[in-house]
Amino acid sequence: MKDISILIADDEEEIADLIAFHLEKEGYHVMKVTNGKEAVRVVENQVFDLLILDIMMPKMDGYEVTHRIREQHNMPIIFLSAKTSDFDKVQGLVIGADDYMTKPFTPIELVARVNAQLRRFTTLNQAKTENKSNLEFGGLVISPDQRAVTLYGEYIDLTPKEFDILYLLASHPKKVYSVENIFQQVWGEAYFESGNTVMVHIRTLRKKLKEDKQKNKLIKTVWGVGYTFNG
């Protein structure tokens, strides 16, 4: 753990100090910034293994920070926010966060979630080092090594979670995955509010794959059960 670096971006210095204290006890290297622009700047110049971002920050909010970082980086991002509605949680996860915690929080739970995200990310990276073949379905090509998707030669810009969902379904065509099972495999944990999160991701994934213009849907809804890949 001594080689793991974590960035905390929160304009409430007391909260940032509390988080840093508990993470440093775990052996992590920690850096703190107090606004969104500074978070983007340091990520462009330093290597971090995980980010903890407040949403409501000066100069640039956590949503925009995540959008910019996701253009180049794929490390886990945990939102830590006073926004507690289901809509805010789903929006954060759809934008590209890997987890969402609400304030007030317990440091023990936050450390546990940090550890879980790092374990999952390490496992995914190890899996990506294996020589996996591209998945091809008509004009759709899914490249797990590059985590890239093209549709009839056109690059499709997917968030990390959208790619993971598509790859999960496409790896086992015709197999039906429940909403809960998709969340457990993609997010790496059980989550009782997973339904809306998965459905929103599926909806945006379908739009990006231009399913509204195709008669034969690649991602098929099995009513009352879940989703399957119709490749």
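Residues numbered from 1 in each chain as written. Predicted model: local features only at pLDDT ≥ 70, side-chain atom pairs only at ≥ 80, totals over all residues. Heavy atoms only, no water.

## Let's talk about the sheet that holds strand 9 (residues 154-155)
We count it as follows: Between any two strands, at least two bridges found by DSSP are needed for them to pair. Strands are runs of DSSP state E lasting at least 2 residues, helices are runs of H or I lasting at least 4, and numbering of each runs from the N terminus.
Strands sit in the order 6-7-8-9 across an open sheet of 4 strands; the sheet is antiparallel. Two strands bound the open sheet, and with one partner strand each, they are strand 6 (135-137) and strand 9. Taken together, the 4 bridges between strand 7 (residues 140-143) and strand 8 (residues 148-151) define a ladder with antiparallel strand orientation. Opposite Ser 143, over in strand 8, you have Ala 148 as the bridge partner.

## Observations concerning the domain arrangement of the chain
Counted only if it meets this: Domain delimitation in this document rests on an assignment produced automatically or drawn from a domain database. Put simply, buried area is how much 1.4 Å-probe accessible surface two parts lose in total, over both of them, once they are put together. One speaks of a salt bridge when a side-chain nitrogen belonging to Lys or Arg is within 4 Å of a carboxyl oxygen belonging to Asp or Glu. Think of a polar contact as two N or O atoms within 3.5 Å of one another; within protein, one of them needs to be a possible hydrogen donor and the other a possible acceptor, and neighboring residues in sequence only count if both atoms come from side chains. Gly counts as polar in this scheme, as do all residues outside two lists: the nonpolar Ala, Val, Leu, Ile, Met, Phe, Trp, Tyr, Cys and Pro, and the charged Asp, Glu, Lys and Arg.
Taken domain by domain, the chain comprises domain 1 (5-127) and domain 2 (135-229). Using only C-alpha atoms to locate each centre, domain 1 and domain 2 end up separated by 25 Å. The junction of domain 1 with domain 2 conceals about 1200 Å² of combined surface from both sides, 49% of it contributed by carbon and sulfur atoms. Together, Leu 93, Val 94 and Arg 120 form the three largest contributors to the area buried by domain 1 at its contact with domain 2, with a combined 41%. Counting across the domain 1 and domain 2 interface gives 2 salt bridges. For the salt bridge of Asp 164 with Arg 120, the shortest nitrogen-to-oxygen distance reads 3.4 Å. Where domain 1 packs against domain 2, one counts 4 residue pairs in polar contact (both at pLDDT 80 or more). Elements supplying a minimum of two residues to the side of domain 1 that touches domain 2: helix 4 (86-95) and helix 5 (107-128). A breakdown of the residues in the side of domain 1 that touches domain 2 according to their chemical character gives 5 nonpolar, 2 polar and 6 charged.

## Some details on the UniProt feature "domain: Response regulatory" (unreviewed entry) in the chain
Note the threshold: UniProt positions are given in the numbering used here, feature names are shortened, and annotations may be inferred rather than shown by experiment.
Mapped onto this numbering, the UniProt entry annotates "domain: Response regulatory" (unreviewed entry) at residues 5-118. Annotation note: span residues 5-118, helix share 47%, strand share 21%, distance between end C-alpha atoms 11 Å.

## Examining the pattern of salt bridges
Put simply, the rule reads: To sort residues, take the accessible area from a 1.4 Å probe on protein chains only and compare it with the maximum for the residue type: under 20% means buried, over 50% means exposed, and anything in between is partly exposed.
What the rule picks out here adds up to 14 salt bridges. As a salt-bridge pair, Lys 32 and Asp 17 come within 2.5 Å of each other at their nearest N and O atoms. Pair noted here: Lys 32 is in strand 2 (residues 29-33) and Asp 17 is in helix 1 (residues 13-25), with a separation of 15 residues, a long-range link. Exposure remark for Lys 32: the relative accessible area of 42% places this residue in the partly exposed category. Note that Asp 164 and Arg 147 form a salt bridge whose closest N and O atoms lie 2.9 Å from each other. Separated by 17 residues along the polypeptide, Asp 164 in helix 6 (residues 160-171) and Arg 147 in the loop between strand 7 and strand 8 bring together distant segments of the chain. Residue classification places Arg 147 among the partly exposed residues on the basis of a relative accessible area of 21%. By sharing partners, the salt bridges in this structure join Asp 10, Glu 12, Asp 54 and Lys 103 into a single network.

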